[in-house]
Each structure stands twice: as structure tokens, then as C-alpha cells.
Number of protein chains: 2
Amino acid sequence: MGGDDAPRINIEGAVEVLSKLDSLTKLFLVGDEDILKKQCDEAGIGADSRLEIVHAPEVVGMCESGLAAVRQKRNSSMSISVDMVKKGDADAVISAGNTGAAVAASTIKLRLLEGVERAGIVSPLPSIHGYVLVSDTGANPDAKPRHLVAYAVMSALMARYIYKRPNPNVGVMSNGTEECKGSEFSLKAFSLLRELNERGLLPFNFTGNCEGHDLFETELDVAVTDGFTGNILLKSVEAVAKAYTNWIKAGIMGGGFMPKMGALCMRSVFRGLKERMSADAIGGCPLMGVNGVSIIAHGSANAKAILNACRMAAGMVRNNVNAHIIETMARINPVLKELDA
Amino acid sequence: MGGDDAPRINIEGAVEVLSKLDSLTKLFLVGDEDILKKQCDEAGIGADSRLEIVHAPEVVGMCESGLAAVRQKRNSSMSISVDMVKKGDADAVISAGNTGAAVAASTIKLRLLEGVERAGIVSPLPSIHGYVLVSDTGANPDAKPRHLVAYAVMSALMARYIYKRPNPNVGVMSNGTEECKGSEFSLKAFSLLRELNERGLLPFNFTGNCEGHDLFETELDVAVTDGFTGNILLKSVEAVAKAYTNWIKAGIMGGGFMPKMGALCMRSVFRGLKERMSADAIGGCPLMGVNGVSIIAHGSANAKAILNACRMAAGMVRNNVNAHIIETMARINPVLKELDA
């Protein structure tokens, strides 16, 4: 029931998932049973034996407080979906609904992985070599420097197992690439990562400070920051890409015959760019650090986004990324606690 | 002597300034006298009576620590330029050199305006209605919430006097537009601004929290944040715009005849976009809060950027923006101190 145009996009997504995700054995749609059943029948997937509709009488609105919604709406589609992962009935939950509620429900119900203190959202952004993963992009606005170590580990393991980067390059977002640049917060995170790196405890290549340029045009795989800065970064980057596209469109529309013909000739270029920049190619961002797989899709997700979010979930489950996180954090935490004392 | 391609770009900038800035009475070029004299003669401005070359035997490198450079290189072009403003020989200083050194020299030598506790860099970004001013973009990475009040005042007065926005809309960057969204830091800044707003003390329209979308596609005039987040925001936005352009170019070059012809037909659109996105149209960002006018230009500034940075400086001087800041802060500070106690 989550998303700007729910449940339509979720049903359309289900059609895609059932036809294209080979590893799928069961797809649960959680929400108003009557509505979902009717729409699934109309979409021609009502009789698919892999599909199961689970009734949830309540819905968390997009503007509700996440925490309050989790506590008060125990029969919301959000709550019931996460409960299914908790009980082991489902391997992963995907929601295009209220992000705050998805974070709160996943964190409270699934609890955190052993050795992880805070969950973080990992957002893949298009880069020169594919994707750069930025974390945290909003789960934890008031992070401590040591939380960034766990974000680095979790994102790097995601880069390794999902994006096939065996030795990911990981940086700390800062206001300059020089070692001395940073806020008190980022400098502390930098020094923790450097110490752990020198002791050979990190499952990635720590590259030091990074900034905007490094995200999009270098071989950087992961950039870590607090959830406040990460969220502002993510939304600003999305916004400028959108504004850029709108300004090109306005230039074409206001420019007479030549630009319009030019735009026609360049259709393939713009299509490629749109695909590259589109959040639908990613589908969803994992909330890493919770004991389960929870994928947060954009409110404006479409069927393709839902399919890709399910692919992301399948990759997280198949590669057992959470087990690798627990193992790595168990190795790091004793030293991290000592360094952060 | 500052900038990636100095002193060439500064001399080329001087040619532009001397021919196009009507209000100019004197232009000082500070640096190696022999080099500057020779290049000015070659550029045909050596005999202009408004031009004066001031000898400075040292140069601050782009990678030097700002603070150390100010303390150790007292005869650098940076130090001597700022000294000239301090002594009243010049109305403003413009540098495309080491930003940290420009901030340190300006803050230490010029000192802060009465009632201002921290200087902040104000960066204009292209927006739907012209420009949105983001502050601080890097002078003060570890800001306190009350510093954002002064950034808001200084940027709003700049919006009013330089960009002719009589009642500027001012927001606080946050991880969501709802009132409850934010870090501890941003929520405190929000509450200070709201209180001051309710008491009618602000010379602008406080609009609450803002995020990426608000910057580029709404009537927002000013967004305030700490220098760490602001710097990351600014550089990420610049980087994604650059990556976007490069991806379009790569699509054209790799796309055969049609896209190449299309790009030719769309030349005017791309030129317009380039101008809109170009930092040269701004030229430089004022370091607001210091007792004088200090403009920080991009390291990659060209002649046009230097001209526009001089125009910005002229606007700041002519409109006496600093006097308006002192006056406003004197009205706000007693209440601000009480609220922040």
C-alpha cells in the first residue's frame, strides 16, 4: 500500500517480479485484501501460485510520524510486512511508503545485527564505473563518528557482494580531500578508519577524505557520512539533476525549430542519460544493519523500480550480506571500542 | 597571483574590469611586480592610470594550510591585498587563490563585524528565479546553531541589496521539510529562527526547513547550514552538473551521426545551460561577516569570473551591506543571546 500511486505501482511491480525474477518462490502483497485481490485479477496475476495476498486493514500515511505509526498502527501493511520478515515467513520486505516508518518498523521489530549500533540507509548513485554507495542517507541524523565505521563496513560488503567490487574504495565525505580537512565529527571518523586500516582490520581500501567530484568521476565505491549530511547531499544531487533536465527541456521548447529537431536526433542520448540518472534502475536502498533485509523504495517508484528493489533484496539474501557484516564487526568492534574510548 | 592559471587569468580579468566596470576608480594588482608589469604591458593595460601594481614577493600555494600561510607569509599577495583593505587603501579584495588562506587572512586581519561571531561564505547557485544563496559553504565547518542566524541575516541582506529580493525567503537545510525533521543542530537553529521570527526581528521571511528540491525549483532565496554540510552540498551539486554534462558529451561522441547532428542543432540550448550553470556568471562568493569586502573566486576562475567577482564587490561596497548587517545584528543579538542561553 506504500508509494505515491499505491497500490497500482505495487501491483504493476508484482507483474514484473513474477515474470522476471527467476529466483522468486513466493511474493506476498500486504494490504487491503479486497482491493489487492481485485487489482491482481485485473492485472492477470491473481491465479499465480507464487502470489499470496496478506490482509492488512491499516495504512501508514506519507506524512505520519514514523515512530508513532509503528506504535499505533500494528495492523498497517508496513507493520505486518516487517513482522513477516521477523517471523521468518518472508526473506525481505520492500516498501515505497513512508521512509521514517519503514526505518522505525524495521529497526524496532527486526532489531539490529549483532555488533551494529545504528542502522543506515545505503543509496547507490550513478558514477563513472557504475555506482557509488552513499551511507547514511537519512536513518540516523545525529550519528557518532564510530557509526560511520559500521556504515563503511556495511556499504563495502554491499559493494563487494552486490556490485562485484572485490576491494571497494571507501572514503569519508568532507569539506576537502586533504587529511586535515573536516569537521570535528568527520575528522574523528577519519582517524578511527585510519587506525583500523593500519591494523589491517578493514575489508576494503580506505582512501581518506572525499568530496563531490570523487563521487561521480572517480573509482570511489563508498562514501560515508552522517544521515543528516547524507540526506541533504542525496536530495540536492537528485534535485539538481532534475532541474538540469527541466532547463534543457525549457531550452528546447522555447528555442524554435532547430533545437526541437536537435532533441529528436539526440533522443537516444537523452534516453541513456535518463536511464543512468533514474532512481528506478536502483529500485530501492537497503536499510543496512537491521537483522533482516529491508529495502526502502522511492515514493515515486514505478513497476521497474519495484522489480529492481526485489532484485536488490534477492542479492542481499542470496549473498548472505548480513552474516558477513556480523563477522566483520565482531573482528573490528573490540579495537573500535578501545579507539573510541 | 591566485588561481589555477595565475597570473594570466587575473591580468585578463583586469582587462575586462578596466573596460567594463564603470564605477571603478582604482584597480590594484598585487603580486610579483616584474611579472605583472610585463604581462600588463603585453595585454595593453600597462599605461591605464586606474591600474596600480603593488609588489608582493611571496605567493600562498594552493595546498598550503591557510592559517600557517597567513602567519608565515606576511609578504604574500594574499596578505598584502587584505592589508590594503584593512588600511582603507582598497574597498575590497578578490582572490582566486587558496580559499582557506583567503578566509584566514580576511578573518584575522579585517576582524569580524560588530555583532557577528563567525564569518560565512555565501555561494549563489542557479535557481528557477535567478539565484539561491547557500551559506556557509566552508568557512566554519563546526558551526553552532546561533551562527546560522547570522548567516541567514547576512545572506538575506545580500539577497535584498545585490539580487533585489526585497523580502527574501530563508530556510534551514534539513533532512526533510516537516518541522520535526532535522539533526539536533538544525532543529536548534530552526527554533532560534522561529522565535526571532515570531518577535518580528528578522529582515526576511523565514520559511522553515528546506531541502534539495527547494534550492533549484522554488522561490527560496537563502538556505543556511553549517560550513561542513554546505561545502559538501555545494561541491556535490557542482560535481553532478559536471558529470551530467560529461555523460551527455560521451553519449554524443559515442552515438554516431544523428546525435552529433542533434547536438549541433541544440547548440544554443547547451550554451544557455552552460552559462546558467557556470560559476563564472557569479565570479566569486563573498566571505560575509568580516569588516571589509572579501570575495573568494573559484581556483578555475577565468577573466569573466574575475569581472563578475569585481561587480559583486562593487555591489557590496555601494550598497553598504556590512552596515546593514551590523544594524540588524544589534537588534537581534540581545534576544538571540537570551534564547541561546
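Data block above holds the structure.
Everything numeric here is computed off the predicted structure, so don't read it as measured data.

Caption draft 1: Representation of the environment of Ser106(A) in the model. Residue and element names in this part refer to chain A. Following the sequence through the fold, Ser106 ends up in helix H5 (residues 99-110). Between the alpha carbons of Ser106 and Gly292 there is a distance of 8.3 Å; along the sequence they are 186 residues apart. Leave out the neighbours within four places in its chain, and Ser106 touches Val82, Arg111, Leu287, Val290 and Ser294.

Caption draft 2: Here's a closer look at the packing of helix H1 (residues 8-20) of chain A against helix H2 (residues 33-43) of chain A. Residues and elements named next belong to chain A. Between H1 and H2, the shortest axis-to-axis distance is 10 Å and the interhelical angle comes to 45°. The pairing of H1 with H2 is recorded here as oblique in orientation. Note that H1 runs across H2; the crossing there is right-handed. The residues of H2 that touch H1, namely those facing Arg8, Ile11 and Val15, are Leu36, Gln39, Cys40 and Ala43.

Caption draft 3: Summary view of the packing of aromatic side chains. Evaluation of the coordinates by the stated rule reveals five aromatic pairs over all chains. Between Tyr244(A) and Tyr244(B), the ring centres sit 4.3 Å apart and the planes meet at 35°, which makes this aromatic pair tilted. Taken together, the positions of Tyr244(A) in helix H9 (residues 227-253) and Tyr244(B) in helix H9 (residues 227-253) put the pair across two chains. Neither Tyr244(A) nor Tyr244(B) differs from the other in exposure class; each is buried. On the numbers, 5.4 Å between centres and 70° between planes, the contact of Phe190(B) with Phe206(B) is edge-to-face. One end of the pair, Phe190(B), is in helix H7 (residues 184-198); the other, Phe206(B), is in strand E7 (residues 205-210), and 16 residues separate them in sequence. With relative accessibility at 10%, the residue Phe206(B) sits in the buried group. Residue placement shows Arg276(A) over the ring face of Trp247(B); its charged tip is 4.1 Å from the ring centre.

Caption draft 4: Inspection of the relation of the copies chain B and chain A at higher detail. Superposing chain B onto chain A requires a rotation of 180° together with a translation of 0.0 Å along the rotation axis, leaving an RMSD of 0.0 Å. Each copy turns onto its partner about a two-fold axis. Across chain B, the rotation axis passes nearest the C-alpha of Gly262(B), at a separation of 1.9 Å. When the interface residues of chain B are mapped onto chain A, 100% of them again fall at the interface, so both copies present the same face.

Caption draft 5: Fine view of unusual backbone geometry. All names here are of chain A. Cis geometry marks the peptide bond from Ala6 to Pro7, where omega comes out at -5°. As for its position among the elements, Pro7 is in the segment before H1. That bond from Ser135 to Asp136 is cis: its omega, -5°, falls within 30 degrees of zero. Along the chain, Asp136 falls in the loop between strand E5 (130-135) and helix H6 (145-161).

Caption draft 6: Region of the structure containing the interface of chain B and chain A. Of the residues lining the interface, 53 residues belong to chain B; the matching set on chain A comes to 53 residues. A combined buried area of about 4,600 Å² lies between chain B and chain A, and 72% of that area is made up of carbon and sulfur atoms. Sorting the residues of chain B by area buried against chain A places Phe228(B), Tyr244(B) and Trp247(B) first, and these three jointly supply 17% of that buried surface. Across the pair Lys235(B) and Glu211(A) runs a salt bridge, and its minimum N-O distance is 2.6 Å.

Caption draft 7: Up close: the sheet that holds strand E3 (residues 92-95) of chain B. All names here are of chain B. Here eight strands make up an open sheet; going across it, the order is E3-E10-E9-E4-E5-E8-E6-E7 and the pairing mixed. Taken across any chain shown, the strands that pair with only one partner, and hence form the sheet edges, are E3 and E7. For this sheet, the mean angle separating the axes of adjacent strands, direction not counted, is 25°. Relative to strand E5 (residues 130-135), strand E4 (residues 120-127) runs antiparallel, the two sharing six bridges. Note that in E5 the partner of Pro124 across the bridge is Leu133. Of the strands in this sheet, strand E6 (169-173) and E7 are in contact with H7, which crosses E7 at around 160°.

Calculation notes
- Residues numbered from 1 in each chain as written.
- Chains lettered and ligands numbered in written order.
- Predicted model: local features only at pLDDT ≥ 70, side-chain atom pairs only at ≥ 80, totals over all residues.
- Heavy atoms only, no water.
- Helix = DSSP H or I, 4+ residues; strand = E, 2+ residues; numbered from the N terminus.
- Contact = heavy atoms within 4.5 Å.
- Axes fitted to C-alpha atoms, helices over the stretch in contact; angles between N-to-C directions.
- Parallel < 35°, antiparallel > 145°, perpendicular 65-115°, else oblique.
- Left-handed = near helix turned anticlockwise from the far one by under 90°.
- Phe/Tyr/Trp six-rings, centres within 6.5 Å; stacked < 30°, edge-to-face > 60°.
- Buried < 20%, exposed > 50% of the residue type's maximum accessible area, 1.4 Å probe, protein only.
- Lys NZ or Arg CZ within 6 Å of the ring centre and 35° of its normal.
- Least-squares fit on C-alpha atoms with pLDDT ≥ 70 in both.
- Buried area = accessible area lost by both parts, 1.4 Å probe.
- Salt bridge = Lys/Arg side-chain N within 4 Å of Asp/Glu carboxyl O.
- Pairing = 2+ DSSP bridges.

Any functional reading would require information that these geometric values do not contain.
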